[in-house]
Amino acid sequence: MTATSPPRVGVVIPTRARPELLRRAIASVVAQDYPGVVETVVVYDGTAPDPSLASAEPRRPVRVVTNQRTAGLSGARNTGILALDTAYVAFCDDDDHWLPSKVRRQVARAEQPDRPELVTCSITVDYDGTRTDRFAGTDTVTHADLTRSIYAMLHSSCFFFDRRALVDEIGLINEELPQSQLEDWDIKLRAAERRPIAHLDEPLTVVQWGRASMFARRWDSKNAALRAILQLHPAIAADSRGAARVYGQLAFGTAAAGERAESWQWIRRTLRTDPRQWRAAVALAVLPHPPNAERVLNTLHRFGRGV
């Protein structure tokens, strides 16, 4: 590599039993208009790898490996991160895909004098064919911002890290969160605690939402992960808006799981913290009939939103 060569970028694509969508994700990486090398590591988690996906193309090599760490999304991501030696590392879920300019735009931002450790971008949500752009309305996201909101448009398929900072300073993806739920919020919080996140408020990633989502309706793990996040990041509970949001999510999640007594506790806690928090009202609507949670989520997802 010469002094003028563009920095090498690595991409981690964890996958499990979605071969058609995976090929689309890989194709979107290969099609990037970035002039430098973009190396993809496909990490199979719990399923047999497909060696035919590998490629030795010099500017867009693709490797196929298996998860060598904790089973699940977080372990698969970390396997891919550690398999790379590139200057930057980006994530792409196997059911998402990128616009051609994503890597070029994020490298340009990462190379600016302030040298952000994490660069993100906005998303287009594709919910069963209905597309909605989600914008952050800012070019910088702070730790205080993230205690109030998960900033869903800063999706994991938008993450673009300085690899050295990720491995040596921020730390790898949390492999102990239940079913790898909320690992994206956890890493955003940890990254923003060190430095503000640089954000490109352009939808450069298409995120697939729908009933096929791997974790769409696992209420037990969703609720357990929310409780874990509250313990890992006490700054959330110290912020009334952020606390009420998480309490409202727990109210909804426990209602959807049929845990009526616990849901009532979270509803009351939500309203005491912030009477305007709309998730408490939605939880009340779901409480008498937990299957209504499906209808609520499907309606929100059509507008690119979630609970």
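Nothing here was measured: the structure is a model prediction, and the numbers come from that model.

Topic: the packing of aromatic side chains
Part 1: Evaluated as defined, the whole model comprises six aromatic pairs.
Part 2: Relative to F159, the ring of F91 has its centre 6.1 Å away and its plane inclined at 50°; by these criteria the two rings are tilted. With a gap of 68 residues between them, F91 in strand 4 (residues 88–91) and F159 in the loop between helix 4 (143–148) and strand 9 (160–162) connect regions that are remote in the sequence.
Part 3: A relative accessible area of 0% places F91 in the buried class.

A word on the pairing of strand 4
Part 1: Alternating residues of strand 4 divide into Y88 and A90 and V89 and F91, and every residue in both groups is buried.
Part 2: For strand 1 (residues 9–15) and strand 4, the ladder comprises four bridges, and the chain directions are parallel. Residue pairing across strands places V12 opposite F91, the latter belonging to strand 4.
Part 3: Of the pairings in the sheet, the one linking strand 4 to strand 9 comprises three bridges and is antiparallel in character. Opposite Y88, over in strand 9, you have D162 as the bridge partner.

Quick look at the pattern of salt bridges
Pairs may arise between side chains of opposite charge once their charged atoms sit close together.
Part 1: Considering all chains together, one arrives at 23 salt bridges under this definition.
Part 2: When the shortest N-O distance is used, the salt bridge between R104 and D33 registers 3.0 Å. One end of the pair, R104, is in helix 3 (residues 102–110); the other, D33, is in the loop between helix 1 (19–30) and strand 2 (38–44), with 71 residues separating them in the sequence.
Part 3: One salt bridge connects D239 with R148, and the closest N-O pair in it is separated by 2.9 Å. Of this pair, D239 sits in the loop between helix 8 (234–237) and helix 9 (240–256) while R148 sits in helix 4, and the two are 91 residues apart along the sequence.
Part 4: Its relative accessible area of 14% is what places D239 among the buried residues.
Part 5: Connected via shared salt-bridge partners are E117, R164, E169, R194 and R195.

The rules behind the values
- Residues numbered from 1 in each chain as written.
- Predicted model: local features only at pLDDT ≥ 70, side-chain atom pairs only at ≥ 80, totals over all residues.
- Heavy atoms only, no water.
- Phe/Tyr/Trp six-rings, centres within 6.5 Å; stacked < 30°, edge-to-face > 60°.
- Helix = DSSP H or I, 4+ residues; strand = E, 2+ residues; numbered from the N terminus.
- Buried < 20%, exposed > 50% of the residue type's maximum accessible area, 1.4 Å probe, protein only.
- Pairing = 2+ DSSP bridges.
- Salt bridge = Lys/Arg side-chain N within 4 Å of Asp/Glu carboxyl O.

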